[in-house]
Amino acid sequence: MDRVSSFDEPLKKLLGGATAKVMAEHLDLHTVGDLLHHYPRRYEERGKLTALADLPLDEHVTVVAQVADARILMFNNGRGKRLEVTLTDGSGRLQLVFFGHGVHKPHKELLPGRQAMFAGKVSVFNRKMQLAHPTYQLLDASDADEATEAVDAFAGRLLPIYPACKQLDSWRIAKAVDAVLPSARDAVDPLPDSLREGRGFTPLPEALLKVHRPQTKADIEDARARLKWDEAFVLQVALARRRYADTQLPAVARRPVADGLLDAFDAKLPFTLTEGQQKVSKEIFDDLATEHPMHRLLQGEVGSGKTMVALRAMLTVVDAGGQAAMLAPTEVLAQQHHRSITEMMGELAEGGMLGGSDRGTKVVLLTGSMGMAARRQALLDLVSGEAGIVIGTHALIEDKVQFHDLGLVVVDEQHRFGVEQRDALRSKGKQPPHLLVMTATPIPRTVAMTVFGDLETSVLDQLPAGRSPIASHVVPAKDKPHFLSRAWERVREEVGHGHQAYVVCPRIGDEAEEAEGKGVKKAKAKKAAPEADGEKRPPLAVLEIAEQLRTGALAGLSVEVLHGRMPPDEKDDVMRRFAAGAVDVLVATTVIEVGVNVPNATAMVIMDADRFGVSQLHQLRGRVGRGSAPGLCLLVSEAHEASPARARLSAVAATLDGFELSRIDLEQRREGDVLGQAQSGVRSSLRMLTVIDDEEVIAAAREEAVAIVAADPELERLPELRTALAALLDKDREEYLDKG
C-alpha cells in the first residue's frame, strides 16, 4: 500500500460495514485518515475516578467509576423489574438504571467494589442525575478471559476517551483506532524538515501513535503540540496562498481626485473625523490605489463611524470613474443606510437632478420589494453609470443587475452574508472590484487571523465625540418580579424626559412562530435542569409583549411593533415615525440589531436576554446612548442566579468593551463554527487547535506560512505540504477560502 492511499482507505474495508456506517453517519468519519484524526477528548488514568459531580446534563458521557451498591426493585405488582446501581467517585454519586430483560447481565457483573467504564446520556429522574441503560466495560473483573484481557489492556495505561455518540461508545472507537493505527506509519509529514527540526517537533507518524496510545503524559503533550501546529500551519499556508493569489489578480486602481466629490463632501462635514477614521481611511485609499483588488476587513464598535469611512471610500471610487455598491443584510438596514448617506451627502447625492451639485452623483436604493417602475429606473441608472453609489440587499446579486463599471463592493455586517453571495456580487465587475467588509462584531485577533485570514484588517476603536456611556443591568424577573416593574417605570421616566425606548423580544409571535435572527437560541426544554422547568415556555414574543405593555405597564404611551415579516413599506413607516420621535416605545425583534440610528432613543429592555448570544446583546445595546443623553440597557431574564446564562448576562452588564465580550463569547462557544461553518456548510477542520487559547501558535504559524509561500507560491519544492493541503482543505473548504 503506498504512503498516501492507506489514509484514503475506506473504513468499511477494515472495520466492517455496520461500524463504518455508524462512523460515517454519526461522526462524519469515512476513511482511515479521518479516524486517525479523530483525537481523544481526554485521558483517564487507571484507578483515577472521573468527577461525577461535573457531568453535563443531556450529553453523552464516558465515566470511570466504582459500584457502591446495586439493588433490584419490583414494580407493576411484581410484573416489572428494575436494577438500580449507584456509582461513586471522590466527587459525587451517579445512578444507573436498567429495565426488563436488560437487568440480568449487569446484576451479575456490577457488584459493589467493581470498577468499570460506563457510557450513556445523562438525564435527571426524581431530581437525581442518572444514566439509563448505559453500556459498560469492566476494568477489574478477574474471572472471564475477556475481563482479563480488559485488565491487561487498561492496567497502568492512560485510557483515551474519544468524542462518541449514542450508537458507538468511546471504547468501541478505541478498538477501531487499534485496527487502523498501523497506518499511522504511512502518514505524509507536511512540515518541511528544516521547520520541524528547527521547532523541535515530533515526526507526524510518531505524534499520531502518541496521541492515540500514550505511555506517559509527556507523550500527550508532544503529540498535541505537533498536531496543533499542523492544523494552524496548513490553514495559514492556505490563507497565505489565497492572499498571494489576490495580489496577482488585476484590478483598476482608483486614486483620489483633487476637487472631486470627496473633497466637496469633506468640506461640508459639520465635524472633524476622529484620528482612527483618518488612519483607516488612509489604509483604504492606499489599497484602492493599487492594481490588485483590496480585500480589507473593517472592524469597529457600534457607533465608531464605519459608515462614514466606507462612504468616503465609495466617493473616492466615484471620483475615479467607477461605481460602488453597498450590501446590507436586511431591507430595514439598506433603507437606513440609503437615508443616512443621502442626508450626509445632501445635494451631492442628486447628480443630474435639478438643484443637484455639478460634482454630485446619483445614490440609488435597490431592494427586492421595490415597485416595478422604481426598480426599472434604478437598474437603468446602474447600467448607464448615472448612479455612482447603489445600496441594497442581496437583490443586488441577481443576474439582471448590471453595472457600468463596478469598482468597490462594501459588505456591511459580514457575518450575515454567505461567501457565495459576496462572490456573486464581486463577479459583476469587468475586473475584480475592490472589497471592503465591515463588521460591528469585535473579532479577537486569533479569529481574525483564521476566519478572516485572507483579509487585511483595520480597526476603529475610538468612539466619535458626543457618544454617551451606557449603563447595563440584569433584571432577574423570576427571583425579583418587582425589579421588572421598576424597569417599566424607568422606561416611563425616559419617555417623560422626552426620550424613546426599545423593547427587544426573541420571537415575533404570529402563527409562523419563527425565531428571527440567527443568534436566538431555541428553548431546549430538555436541557433545562429540573428546577428550571419554567424555561419550557416559548421565548417571549413581540406581538404579545407589545399588547401587554399597551394595556398595562406602558398604557398611555405610543407603543409600536417592528419585525422582519412586516411589509417593507410598513416597516419603513414605523422606523421613520420612531426616528421622528412620533413613537415612544418600539417593540422589536433583532431587526434593529444593526444600523438603526435614533439618537433620541436612550433606553432598551431586552426580554429573555439569556436567549441571545453575547455579541448579539452587545450589538443590540449599541442602539442606545447614540446621542448626548446617557443610555440604559436592562437585560431581563428568568434564568437561575447560578446558571451559565446568568453569568453570561452579568459579563455583558459588566463591560462595554466589545473585544472583551467577543473573547467571552468565543470561550463559551469554543470553535464550533469558527471556520465559518455557517457560511460554508463544511465541518470545521480544527480538531486540536483552540482558536481562543492558541494565539501564539497561530501567530507563529502565520509567520512561517507567509515566508514559505513568498519563497515558493506553488509549493513546488514541498509536495508533502501540498498533499496535506488537499487533505485538510477538502474541495469545499478550498472553495470557501477562495471566495472569502
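A. Spatial organisation of the sheet that holds strand β14 (residues 434-439). Judged by pairing direction, the sheet is parallel, and its seven strands sit side by side in the order β11-β12-β10-β13-β14-β9-β15 without closing on themselves. A single partner strand is all that each edge strand has here, and the edge strands are β11 (362-366) and β15 (456-460). Neighbour-to-neighbour, the strand axes of the sheet open up by a mean angle of 20°, direction not taken into account. Two elements, strand β13 (residues 406-412) and β14, share five bridges in a ladder whose sense is parallel. Bridging from a neighbouring strand, D412 pairs with M438 of β14.

B. Here's a closer look at the sheet that holds strand β16 (residues 470-476). On the basis of which strands lie adjacent, the open sheet formed by six strands has the order β16-β21-β20-β17-β19-β18 and parallel pairing. Either end of the sheet is taken by a strand with one partner, and the two such strands are β16 and β18 (559-562). Mean inter-strand twist for the sheet, computed between neighbouring axes without regard to direction, equals 20°. Sheet strands in contact with helix α20 (residues 568-579) are β17 (500-504), β18, β19 (585-588) and β20 (601-606), and its direction is about 135° off that of β18.

C. Quick peek at the packing of aromatic side chains. Inspection of every chain in the model, using the stated rule, returns six aromatic pairs. The rings of F98, F118 and Y136 are connected pair by pair, giving a single aromatic cluster.

D. Structural context of the environment of H26. In this fold, H26 is placed in helix α3 (residues 17-27). Remark: the alpha-carbon pair of H26 and K166, spanning 140 residues in sequence, is separated by 8.9 Å. Apart from residues lying up to four places away in sequence, H26 is in contact with C165 and Q167.

E. Molecular detail of the pattern of salt bridges. Under the defined criterion, the tally for this structure stands at 36 salt bridges. Between D266 and R312 there is a salt bridge, with its nearest N and O atoms 2.8 Å apart. Of this pair, D266 sits in helix α11 (residues 261-268) while R312 sits in helix α13 (residues 306-319), placing them 46 residues apart in sequence. The class for R312 is buried, based on a relative accessible area of 8%. Notably, a salt bridge pairs R486 with E489, separated by 3.2 Å at the nearest N-O pair. Highlighted residues: R486 and E489, both in helix α18 (residues 481-496), separated by three residues, approximately one helical turn. Of the residues examined, R486 reaches a relative accessible area of 37% and is grouped as partly exposed. E489 sits in the partly exposed class, given a relative accessible area of 41%.

The rules behind these values
Residues numbered from 1 in each chain as written. Predicted model: local features only at pLDDT ≥ 70, side-chain atom pairs only at ≥ 80, totals over all residues. Heavy atoms only, no water. Pairing = 2+ DSSP bridges. Helix = DSSP H or I, 4+ residues; strand = E, 2+ residues; numbered from the N terminus. Axes fitted to C-alpha atoms, helices over the stretch in contact; angles between N-to-C directions. Contact = heavy atoms within 4.5 Å. Phe/Tyr/Trp six-rings, centres within 6.5 Å; stacked < 30°, edge-to-face > 60°. Salt bridge = Lys/Arg side-chain N within 4 Å of Asp/Glu carboxyl O. Buried < 20%, exposed > 50% of the residue type's maximum accessible area, 1.4 Å probe, protein only.

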